[in-house]
Structures are given as structure tokens and as C-alpha cells.
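Overview (structure and organization)
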Amino acid sequence: SNNKIQVELDESSGVAMMKFKSPPVNSLSLEFLTEFSISLEKLENNRACRGVIITSALPKIFSSGLDITEMCGKSIEHYTEFWRAVQEMWLRLYGSNMVTVAAVNGSSPAGGCLVALSCDYRIMAENPKFSIGLNEAQLGIVAPFWFKDTIVNVVGHRIAERSLQLGSLHPAPEALRLGLVDELVPEEKLMEKAAAVMAQWLALPDHARQLTKTMMRKAVLDRLVAHREEDIKNFISFVSKESIQKSLRMYMEMLKKRKS
Ligand code: CO8
């Protein structure tokens, strides 16, 4: 399938625009993650592409994070396949040789925040109603070590620890203060700003920038590569617990109740 993510490459600038378009909330389902990884791989292998801007085609939501229904009442085989797809997406995005800019034009909890944190630069729409953060603890679940590594590499240990323990969702102005995003701009200026930032990063020679990126990120990438199967086993044993299933079901019910 090829319909949850729109990808458009501008050959003259070498910049691809990737827009999440999976209503209602761009949740990261197995299908979405698979398409995301394939799209990244295609761009990575395309010599005409040097950078990618990641944004949402939906109003108000960047991505609601991992699709919770993929983690509820499914088989071990399904959990295995799903978690491998989450890992694959992160390994490709965090380890990308391309310049990656997140134009966060809506709320971005949990896995949505991970996507943004995995990019080289984050610009967020300056709307205090939009929030971002690794809120796993609020769902009664624990962010895996490589989610933790990713946020530590962006904001440092202390801010990461407090934010992870509290499962905080930070409104845009606070996210800027903490360094979770690099800048805020009015929503209508978001794309223009993302293009300007991209041009600035692409003004450097690719080779030096890529080696520098690898130097900064390799230890964290290698840690997951070395412990991938163990990480899948951990996920399965965690998500298979009846107490965790109950927490996830209650959270889904809370989301539905909040509506009416
Ligand atoms: N997965 C599945 N369905 C979702 C998700 C999700 N992450 N988020 C929202 N939905 C569903 C809602 O249930 C609702 O369904 P329905 O229409 O059937 O009632 C529909 O999408 C629309 O949602 P809302 O009505 O809530 O839409 P709003 O615009 O009011 O709000 C938000 C959008 C802010 C995104 C809100 O839906 C929200 O806060 N969602 C939850 C986000 C969240 O907490 N995600 C965490 C996922 S866990 C994760 O990403 C990492 C886990 C890693 C650790 C694993 C170890 C076990």
C-alpha cells in the first residue's frame, strides 16, 4: 500500500517533502511504519535526494504515536512484527544520511515525539494547544531505552529524566524552553522556515556533515542493533502482561470518553 504518507521530491533543491496523511491522527500502525521505512529507504538510495522535511497533512496533529490497537489483544507473532517495524523506522530515521527536519504542525505525543526527536532539527508551530513529549509513563507503560537515548541526546539527562518520569506533554512554548524543539514559528510560516533551515544545512558538504552525524549518533544506534532481539522479547513480555493490557484499554476508553 502506498497511501498513508505523501512523498514529493523537488529534484532542483534535492529536498523531499514527506507528509503524514493517515486520518484521524496519524497513528503509527504496522502498515504506516512499513510505508514510512520504505519511503525513507527509497529517498536514502536516491542520489537526487539530500534532505527530507517531515510534516503532517492533517490539521492539529503531527502524529499520535504508536497505534495503541496494535498493542492490545494481539498475538505474539503480531507483537514481534509490530515492534520490529518500530525499531526499523527508528534505525532508518535516526541513522539517515539525509538532513532531516521535522516541521511539527500539531500535537506529537510518544512515538510522534520520537519521530521528531530523531530528526536533525525541529521547528514547531507556535500554538500552545499543541504539545509534544514522551508521555508513555502516563499510559502505565515504559519508553524503551532507545527512546530514552534519543531524548537524552536532544535535551540532556536531567530534563529527559524529569520529563520521562512524569510522562510530560509539553505545550509548544515549554517545549522550546526545554530544548525539545529548536524553534517556534507561526503556523503559516512553518513550511517556509523549514525550507530555509534545510537550505542552511544543505549548504555544507554532505560528506563532512554525514560523518559528523554518524559520530554523534553511532553509539546509540549500535546499542539497539546489538540488542534488537532482546528488545523485542522485552516488549512482548511487557505488553503481554494482563496489567499492561488493562492500562492500555483504560487509556483508550479515556480517549473516547474525553470526546463526548
Ligand atoms: N493509537 C490508536 N488510536 C488512537 C491513538 C493512538 N495512539 N490516538 C488517538 N487514537 C484514536 C482515538 O481513540 C479516537 O478514536 P475514535 O474516533 O474511534 O474514538 C481517534 O483516534 C481520534 O482521537 P481523538 O478524538 O482523541 O482526537 P483529538 O484530536 O481530540 O486528540 C490526540 C488527538 C492529542 C493525538 C489524542 O488522540 C491523544 O492524546 N492520543 C493518545 C496519544 C498517546 O498517548 N499515544 C501514545 C502511544 S504509545 C507510544 O507511542 C510509545 C509506546 C512505546 C512503549 C511500548 C512499551 C509497551
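Refer to the structure printed above.
Residues numbered from 1 in each chain as written. Predicted model: local features only at pLDDT ≥ 70, side-chain atom pairs only at ≥ 80, totals over all residues.

Attention now goes to the nonpolar core. Counting 62 residues, the largest nonpolar core has Val101, Val104 and Met124 as the members making the most contacts within it. Per-element accounting of this core gives the leading share, eight residues, to helix 2 (residues 76-94). Valine 101 has contacts with Ile53, Cys119, Asp120, Tyr121, Ile123, Ala194, Val197 and Met198, leaving out every residue within four places of it along the chain. (Core = buried A, V, L, I, M, F, W, Y, C linked by C-beta atoms within 7 Å. Buried ≥ 20, exposed ≤ 12 C-beta atoms within 10 Å, placed from the backbone. Helix = DSSP H or I, 4+ residues; strand = E, 2+ residues; numbered from the N terminus. Contact = placed C-beta atoms within 7 Å.)

Turning our eyes to something else, we now look at the site of the ligand. The environment of the ligand is formed by 27 residues, the closest being Ser64, Gly65, Leu66, Ala110 and Gly111. Of all the secondary structure elements, the ones that give two or more residues to the shell around the ligand are strand 6 (106-109), helix 9 (228-239) and helix 10 (242-259). Ranked by the residues each element gives to the shell around the ligand, the list is headed by helix 10, at four residues. Of the residues assigned to the shell around the ligand, the class counts are 16 nonpolar, seven polar and four charged. (Near = placed C-beta within 6 Å. Nonpolar A, V, L, I, M, F, W, Y, C, P; charged D, E, K, R; others polar.)

With that out of the way, let us pick up the pairing of strand 2 (residues 15-20). In terms of strand pairing, strand 1 (residues 5-10) meets strand 2 through six bridges, oriented antiparallel. Note that in strand 2 the partner of isoleucine 5 across the bridge is phenylalanine 20. The sheet contact formed by strand 2 and strand 3 (residues 51-56) spans six bridges and is parallel. Directly across from alanine 16, in strand 3, lies its bridge partner valine 52. The parallel pair strand 2 and strand 3 is bridged by helix 1 (residues 30-44), and the resulting crossover is right-handed. (Pairing = 2+ DSSP bridges. Right-handed = clockwise from strand over helix to strand, strands pointing away.)

The next point concerns the pairing of strand 6. Working note: regular strand, side chains alternate between the two faces of the sheet. Relative to strand 6, strand 4 (residues 60-61) runs parallel, the two being bridged by two bridges. Bridged to lysine 60 within strand 6 is glycine 106. Examined bridge by bridge, strand 6 and strand 8 (residues 131-133) share two bridges and lie parallel to one another. Bridge pairing in strand 8 links proline 109 to glycine 133.

Moving on, we come to the packing of helix 2 against helix 8 (residues 206-226). Two elements in contact, helix 2 and helix 8, have axes whose closest approach is 11 Å; the angle formed by their N-to-C orientations is 160°. What the angle tells us is that helix 2 and helix 8 run roughly antiparallel. Two packed elements cross with a definite hand, and for helix 2 against helix 8 that hand is left-handed. Of the residues in helix 8, those in contact with Gln87, Leu91 and Tyr94 of helix 2 are Arg217, Leu221 and Leu224. Classifying every residue of the contact of helix 2 with helix 8 gives four nonpolar, one polar and one charged. (Axes fitted to C-alpha atoms, helices over the stretch in contact; angles between N-to-C directions. Parallel < 35°, antiparallel > 145°, perpendicular 65-115°, else oblique. Left-handed = near helix turned anticlockwise from the far one by under 90°.)

With that settled, consider unusual backbone geometry. Cis geometry marks the peptide bond from proline 23 to proline 24; its omega dihedral reads 5°. Note that proline 24 resides in the loop between strand 2 and helix 1. Here lysine 60, not a glycine, exhibits a phi torsion of approximately 75°, which is positive. Judged by local crowding, lysine 60 falls into the partly exposed class, with 14 C-beta atoms found within 10 Å. Its identity as a non-glycine residue notwithstanding, alanine 110 has a phi of 45°, on the positive side. Locating alanine 110 in the fold gives a position in the loop between strand 6 and helix 3 (111-117).

Counted at 1.5 Å a residue, the expected span for helix 1 with its 15 residues is 21 Å, and the 21 Å between its end C-alpha atoms agrees. Among the residues of helix 1, Phe32, Leu33, Glu35, Phe36, Leu40 and Leu43 are the ones counted as buried. Seen from one end, helix 1 has its buried residues packed into an arc of 165°, which puts them on one side. On its buried face, helix 1 sits against strand 1, strand 2, strand 3 and helix 2. (Expected span 1.5 Å × (residues − 1). Arc of directions from axis to C-beta.)

So, on to helix 7 (residues 190-202). Over its 13 residues, helix 7 runs 18 Å from end to end, which matches the ideal 18 Å to within 8%, given 1.5 Å per residue. Residues of helix 7 that are buried: Leu190, Ala194, Val197 and Met198. The buried side chains of helix 7 occupy one side of the element, clustering within an arc of 100° when seen end-on. In helix 7, those exposed residues whose orientation departs by more than 90 degrees from the buried face are Glu192 and Gln200. Looking at the packing, one finds that the buried side of helix 7 touches strand 2, strand 3, strand 5 (99-104), strand 7 (121-125) and strand 10 (183-185).

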